[in-house]
2 protein chains.
Amino acid sequence: MPRPRSLTSDQLATAALAVIDRDGLAGLSMRAVAQEIGMSTMGLYRYVDDRGELEQLVIDRVLDTVDTMPPDKGRPWYERIEIMVERLRHVVSSHPWLVPLIIAHRHRSVAIMRWSEPLAAILAEAGLDGRERVIALRSLLAYVVGAIQLEQLGPLAGAGTQVIADRAELPYLSETARHAHDVTTDEEFRGGLALLLRGIGGSTDAR
Amino acid sequence: MPRPRSLTSDQLATAALAVIDRDGLAGLSMRAVAQEIGMSTMGLYRYVDDRGELEQLVIDRVLDTVDTMPPDKGRPWYERIEIMVERLRHVVSSHPWLVPLIIAHRHRSVAIMRWSEPLAAILAEAGLDGRERVIALRSLLAYVVGAIQLEQLGPLAGAGTQVIADRAELPYLSETARHAHDVTTDEEFRGGLALLLRGIGGSTDAR
DNA sequence: ACCTGAACACCGTTCAAGT
DNA sequence: ACCTGAACACCGTTCAAGT
């Protein structure tokens, strides 16, 4: 007579997230998650094939909280894209320790697909044809993925910027670094996005 | 009487690269590198403080091969930026297994700073002021970092794109995915970069 | 079917010792 | 000063066994 499963995937993801919140990504291990749940380590393998699948559960659980509702159609297309992008950024930024996991498992995440759907729709509406839409969508994804990492791993306001500012043998770069304090994290992210959106808009008459 | 050091940092980096080329990034360990060199594992700790420092040696060794010579000033600024960006992409793409390491250690790499110097100079020449230059430079870096990862981890021509194309509940996204085969890897990368550069150009009169 | 515990083959790193 | 080997505190995962 089969015993009922004592766990759901969601409980597993919640336990893993609790471990990460307490001990950081480095603290995530099959043993730690098992202990968090109060089960033997090997018991986890009833629910996931391997550690990678556990990681996927965690990032899906987080990315599922991103609002995928299409923004109000009364707004211009580029504002609507900005809204969608900021929603993703907000969720990722509130779990900075997960950034490496999200990057690694992003392309297997259904949540990211659902988030991308309104983006594709908005780009179509803006007048981009199939080819242009592929390039615009991928470049937006590239920018978002890269910018979030820059923000988390090498922030403009961090120590690295000061190091660069002091490098006399790199005059242009260090001069630029000295202007970094004029730009907030938000201004940096939105400023770069605005540049990309302006470029995208230039290829349509919907600008 | 002190014995002379038997190793240079460069030999260490070369050995680590040999391990990675043979067994992948997962095969990289202090023990494996020590064996490659023919030294005890702990001997490595005469040369690096920890594994992270070994990784930094490897990525510096690779990124040092990027050509940082400023491109011919006769060309328009956006073409010169494209040349610089393609040089970095070419080097990184020829060591795809290193991509996660490069991402993680990028902000500590002197080679990346030297590569960024001509970029900052070109942007200044294009007429961008300090604030604009900060945002343009960071957005270029974000795009490059993100796009290289997309290219390596979730290529447009890969299986993931077909999965998306078959998702009927995401009509716009799957319709867009069906146009993916019209776009080569190079066209995708350069297309996105061109969009960003057009956006940057729009904020100057040098366009 | 669900869960456990021992065991295997690994890690990075500390520490005491050898030349 | 340079290098070694044993040991410590971890990993993910396989496998045989228990209920």
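Here the structure is shown first, and the text comes after it.
Residues numbered from 1 in each chain as written. Chains lettered and ligands numbered in written order. Predicted model: local features only at pLDDT ≥ 70, side-chain atom pairs only at ≥ 80, totals over all residues. Heavy atoms only, no water.

Student: It is not clear to me how the overall build of chain A should be interpreted in this structure. Could you clarify?
Tutor: Across its full length, chain A carries ten helices and zero strands. Along the chain direction, N to C, the helices and strands of chain A fall in the order α-α-α-α-α-α-α-α-α-α. Here the C-alpha coordinates of chain A stretch approximately 65 × 50 × 25 Å along the principal axes. The burial tally for chain A puts 50% of its 207 residues in the buried class. (Helix = DSSP H or I, 4+ residues; strand = E, 2+ residues; numbered from the N terminus. Buried < 20%, exposed > 50% of the residue type's maximum accessible area, 1.4 Å probe, protein only.)

Student: Looking at this structure, I do not really get the interface of chain B and chain A. What am I missing?
Tutor: By a frequent convention, interface size equals the accessible area lost on bringing the separate parts together. Contact with chain B, which involves 57 residues of that partner, is made by 57 residues of chain A. For the chain B and chain A pair, buried surface summed over both sides reaches about 4,800 Å², with 69% attributable to carbon and sulfur atoms. Taken together, the connections running from chain B to chain A amount to six salt bridges. With a shortest N-O distance of 3.4 Å, E187 of chain B and R131 of chain A are connected by a salt bridge. Counting across the chain B and chain A interface gives 17 residue pairs in polar contact (both at pLDDT 80 or more). Contributions of two or more residues to the side of chain B that touches chain A are made by α6 (110-125), α7 (130-153), α8 (159-165), α9 (171-177) and α10 (185-201) of chain B. It is α7 of chain B that contributes the most residues to the side of chain B that touches chain A, 19 residues altogether. (Contact = heavy atoms within 4.5 Å. Buried area = accessible area lost by both parts, 1.4 Å probe. Salt bridge = Lys/Arg side-chain N within 4 Å of Asp/Glu carboxyl O. Polar contact = N/O pair within 3.5 Å; in protein donor to acceptor, adjacent residues only side chain to side chain.)

Student: Before we go on, may I ask you to explain the protein's contact with DNA strand C in this structure?
Tutor: Close to DNA strand C lie 20 residues, the nearest being S6 and S40 of chain A together with R31, M42 and R51 of chain B. Here the atoms of DNA strand C within 4 Å of the protein split so that 47% fall in sugar or phosphate, with bases taking the remainder. Separating a phosphate oxygen of DNA strand C from a side-chain N or O atom of S29 of chain B is a distance of 3.4 Å. Here a base nitrogen of DNA strand C sits 2.6 Å away from a polar atom, N or O, in the side chain of R31 of chain B. Residue composition of the surface near DNA strand C, by class: seven nonpolar, five polar and eight charged. (Near = heavy atom within 4 Å. Nonpolar A, V, L, I, M, F, W, Y, C, P; charged D, E, K, R; others polar.)

Student: Help me understand the relation of the copies chain B and chain A in this model?
Tutor: What connects the two chain copies is a rotation about an axis and a shift along it. Mapping chain B onto chain A calls for a rotation angle of 180 degrees and an axial translation of 0.0 Å; the resulting RMSD is 0.0 Å. On the angle and the small slide along the axis, the relation comes out as a two-fold axis. Looking at the interface residues of chain B, 100% of them are also at the interface in chain A, so both copies use one shared face. (Least-squares fit on C-alpha atoms with pLDDT ≥ 70 in both.)

Student: Mind showing me how you'd approach the packing of aromatic side chains here?
Tutor: Geometry of an aromatic ring pair is reported as the spacing of the ring centres plus the angle between the planes. All names here are of chain A. Tallied over the full model, the rule gives four aromatic pairs over all chains. Seen from their ring centres, W77 and Y78 are 5.6 Å apart, and the 85 degrees between their planes marks the pair as edge-to-face. Among the residues examined, W77 registers a relative accessible area of 6% and is labelled buried. On the basis of relative accessible area, Y78 is assigned to the partly exposed category, the value being 37%. Lying over the aromatic face of F189, R89 brings its terminal NZ or CZ to 4.3 Å of the ring centre. (Phe/Tyr/Trp six-rings, centres within 6.5 Å; stacked < 30°, edge-to-face > 60°. Lys NZ or Arg CZ within 6 Å of the ring centre and 35° of its normal.)

Student: Any chance you could explain the protein's contact with DNA strand D here in plain terms?
Tutor: For DNA strand D, the set of nearby residues contains 20 residues, the closest of which are R31, M42 and R51 of chain A together with S6 and S40 of chain B. Among all atoms of DNA strand D positioned within 4 Å of the protein, those belonging to sugar or phosphate total 47%. Contacts to DNA strand D include S6 of chain B, whose side-chain N or O atom sits 2.6 Å from a phosphate oxygen.

Student: Teacher, can you tell me more about the packing of helix α4 (residues 77-93) of chain B against α6 of chain B here?
Tutor: Residue and element names in this part refer to chain B. Where α4 meets α6, the closest approach of the two axes is 9 Å, and the angle between their N-to-C directions is 170 degrees. Judged by the angle between their axes, α4 and α6 are roughly antiparallel. Contacts between α4 and α6 involve W77, R80, I81, M84, V85 and L88 on the former and, on the latter, I112, W115, P118, L119, I122, L123 and E125. By residue class, the composition of the contact of α4 with α6 is eleven nonpolar, no polar and two charged. (Axes fitted to C-alpha atoms, helices over the stretch in contact; angles between N-to-C directions. Parallel < 35°, antiparallel > 145°, perpendicular 65-115°, else oblique.)

Student: Explain the pattern of salt bridges to me, please; I cannot follow it from the model alone.
Tutor: A side chain with one charge may pair with a side chain of the opposite charge, provided their charged atoms come close. Within this structure, the stated rule accounts for 37 salt bridges over all chains. With a closest N to O distance of 3.2 Å, E125 of chain A and R80 of chain A form a salt bridge. Taken together, the positions of E125 of chain A in helix α6 (residues 110-125) and R80 of chain A in helix α4 (residues 77-93) put the pair 45 residues apart, joining distant regions of the chain. Two residues, E188 of chain A and R138 of chain B, come together in a salt bridge whose shortest N-O distance is 2.7 Å. In this pair, E188 of chain A is assigned in helix α10 (residues 185-201) and R138 of chain B in helix α7, connecting two distinct chains. Summarising the burial analysis for this pair, E188 of chain A and R138 of chain B share the class buried. Counted as one network, the salt bridges with shared partners bring together E82, E86, R89, E151, D186 and R190 of chain A.

Student: What is the right way to read the side chain of T161 of chain A from this model?
Tutor: Mapped onto the elements, T161 of chain A comes out in helix α8 (residues 159-165). Leave out the neighbours within four places in its chain, and T161 of chain A touches P155, L156, A177 and A180 of chain A.

Student: Would you take a moment to explain α4 of chain A for this structure?
Tutor: One full turn of an α-helix is made of 3.6 residues, so residues set three or four places apart face in the same direction. Residues and elements named next belong to chain A. Helix length check: α4 (17 residues) gives 24 Å between terminal C-alpha atoms against 24 Å at 1.5 Å per residue, within 8%. Burial in α4 covers these residues: W77, R80, I81, M84, V85, E86, R87, L88, R89, V91 and V92. Here the buried face of α4 lies against α3 (51-63), α5 (99-105), α6, α7 (130-153) and α10. (Expected span 1.5 Å × (residues − 1).)

Student: How do you make sense of the side chain of Q149 of chain A when you look at a structure like this?
Tutor: Tracing the backbone through its elements, the reader meets Q149 of chain A in helix α7. Side-chain polar atoms of Q149 of chain A contact the side chain of Q149 of chain B, separated by 3.4 Å. In this structure, Q149 of chain A is in contact with V99, I103 and G154 of chain A together with I103, R106, V145 and Q149 of chain B, ignoring residues within four places of it in sequence.

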